[in-house]
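So the chains spell out like this:
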Amino acid sequence: MDLIGLLKSQFLCHLIFCYVFIASGLIVNTVQLFSLILWPINKQLFRKLNCRLSYCISSQLVMLLEWWSGTECVIHTDPQAYPRFGKENAIVVLNHKFEIDFLCGWSLAERFGVLGGSKVLAKKELAYVPIIGWMWYFTEMVFCTRKWEQDRKTVSRSLLHLRDYPEKYFVLPDSLRGHAVHGEEAPDQHAGGPGQGAAQPQAPPAAAHQGLRSHCEESEKCRNNENPTLLGVLNGKKYHADLYVRRIPLEDVPEDEEECAAWLHRLYQEKDAFQEQYYRTGTFPETPMVPPRRPWTLLNWLLWASLLLYPFFRFLISMVSSGSSLTLASFVLVFFVASVGVRWMIGVTEIDKGSAYGDGDSRQKHDN
């Protein structure tokens, strides 16, 4: 391990990142809370303000991926579709394979200038996670119970509310690992297997088509059979992710619910085929492209760090100079709890906390 790699793995660096993220996140959450007074007065101003505020938080995680870890995200896509990315609203159908899937999605959203307006369809429990979950609440994220009969109305109502959203946005469903079946356990792990009838994905509600211009289908694979994690990113480990992105015009998506469900099922079969092709050849189809990295995530973190670290270190020095053992012990305890809290928030996103659907058969296949 080189000197820089050793430095990135040190707890003190992690402590600084945790402090800046927690302190700035709580400040942003507080401002978001007070911004609620704008909702009955000017809803669009409230939305624009909260897009900027959410960027202050989410861009810090993107900064860790792009600048601290140096992870490379290469997209394989049609060169004719590439200029449209970031210029239209879209639902991104993502295969949830790795812990950093959402970070790679956020990285692409940032590079195309739509990170502040990016949305997720996430499990309801995430709404109670401090900072990230609270930020999502104020930016009108869609929270689901993963029980389709209950979520049908919730998703339709939430997407209808986004029709007049002032910013371009991506909707990234927090799909289950492998294939999303909305809380049902599938009898077979891969689309197209013996249990494919029972594993039929649910169709998105018709409201999802209103106010959108395209679906984007995305498959991701990391090179060298790596298993990327958020803790690895925090430790400065560099990964290389290949993402296959295909733009699908909405006129190609059936509006009938049963036909749309069948179409979605075929889409996941195609995604499986792309994954298999990657395992065999080490690449996805279409042209590889690397969207240019923008400096704003780094500048945002440096701004927060300059505002928060000076009073922090000044306070730390005064505490050390006071020589009070009780004060120092309290200080260490507070930061230990903060570190545990951040790791808990990371743990919420871990793959093994979700459904194992779509994983077991794939692992067995590629281990053989």
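Coordinates for the structure precede this section.
Remember, it's a predicted structure, so these values are computed and weren't measured experimentally.

For the rest of this paragraph, the subject is the packing of aromatic side chains. For the structure shown, the criterion picks out 14 aromatic pairs. A network of ring pairs unites the aromatic residues Tyr 244, Phe 274, Tyr 278 and Phe 284 as a single cluster. Of note, Lys 8 hangs over the ring of Trp 68, and the distance from its end group to the ring centre comes to 5.5 Å. Arg 293 extends its terminal NZ or CZ atom over the ring of Trp 67, reaching a point 3.6 Å from the ring centre.

A word on the pairing of strand 1 (residues 72–77). Within strand 1, five of the six residues are buried, leaving the element largely enclosed by the surrounding structure. As paired elements, strand 1 and strand 7 (residues 240–249) share five bridges and run parallel to each other. Opposite Glu 72, over in strand 7, you have His 240 as the bridge partner. In terms of strand pairing, strand 1 meets strand 8 (residues 287–289) through three bridges, oriented antiparallel. When the bridges of strand 8 are listed, His 76 appears paired with Pro 288.

This part covers the layout of surface pockets. A water-sized probe rolled over the atoms picks out the places where empty space is left. Its boundaries defined by the atoms lining it, the second largest pocket holds a volume of some 450 Å³. Contributing to the lining of the second largest pocket are 19 residues, with Tyr 137, Glu 140, Met 141, Ser 158 and His 161 lying nearest its centre. Secondary-structure elements contributing two or more residues to the lining of the second largest pocket are helix 3 (43–68), helix 5 (132–138), strand 4 (142–144) and helix 6 (148–161). In terms of residue count, the dominant contributor to the lining of the second largest pocket is helix 6 (four residues). The residue makeup of the lining of the second largest pocket, split by class, is eleven nonpolar, three polar and five charged.

Okay, the nonpolar core next. In terms of nonpolar packing, the biggest core is built from 60 residues, with Trp 106 and Trp 136 touching the most fellow members. Ignoring any residue separated from it by four or fewer positions in sequence, one finds Trp 106 in contact with Ser 58, Leu 61, Val 62, Leu 115, Ser 118, Ile 132, Met 135 and Trp 136. Ranked by size, the runner-up nonpolar core spans nine residues in total, among them Val 93, Leu 250, Trp 263 and Tyr 268.

As a further point, take the pattern of salt bridges. The final tally for this structure, using the stated rule, is six salt bridges. Residue Glu 88 pairs with Arg 247 through a salt bridge whose shortest N-O separation is 2.6 Å. Highlighted residues: Glu 88 in the loop between strand 1 and strand 2 (90–94) and Arg 247 in strand 7, separated in sequence by 159 residues. Residue class for Glu 88 comes out buried when judged on its relative accessible area of 7%. Notably, a salt bridge pairs Arg 294 with Glu 110, separated by 3.0 Å at the nearest N-O pair. Of this pair, Arg 294 sits in the loop between strand 8 and helix 9 (296–322) while Glu 110 sits in helix 4 (residues 101–111), and the two are 184 residues apart along the sequence. Judged by relative accessible area, which is 26%, Arg 294 ranks as partly exposed. Judged by relative accessible area, Glu 110 falls into the buried class, the value being 0%.

Parameters and conventions
Residues numbered from 1 in each chain as written. Predicted model: local features only at pLDDT ≥ 70, side-chain atom pairs only at ≥ 80, totals over all residues. Heavy atoms only, no water. Phe/Tyr/Trp six-rings, centres within 6.5 Å; stacked < 30°, edge-to-face > 60°. Lys NZ or Arg CZ within 6 Å of the ring centre and 35° of its normal. Buried < 20%, exposed > 50% of the residue type's maximum accessible area, 1.4 Å probe, protein only. Helix = DSSP H or I, 4+ residues; strand = E, 2+ residues; numbered from the N terminus. Pairing = 2+ DSSP bridges. 1 Å grid on protein atoms, 1.4 Å probe; cavity = no way out; pocket = protein on both sides within 12 Å on 5 of 7 lines; lining within 4 Å. Points joined across faces, edges and corners; volume = space filled by probe spheres on them. Nonpolar A, V, L, I, M, F, W, Y, C, P; charged D, E, K, R; others polar. Core = buried A, V, L, I, M, F, W, Y, C linked by side-chain atoms within 4.5 Å. Contact = heavy atoms within 4.5 Å. Salt bridge = Lys/Arg side-chain N within 4 Å of Asp/Glu carboxyl O.

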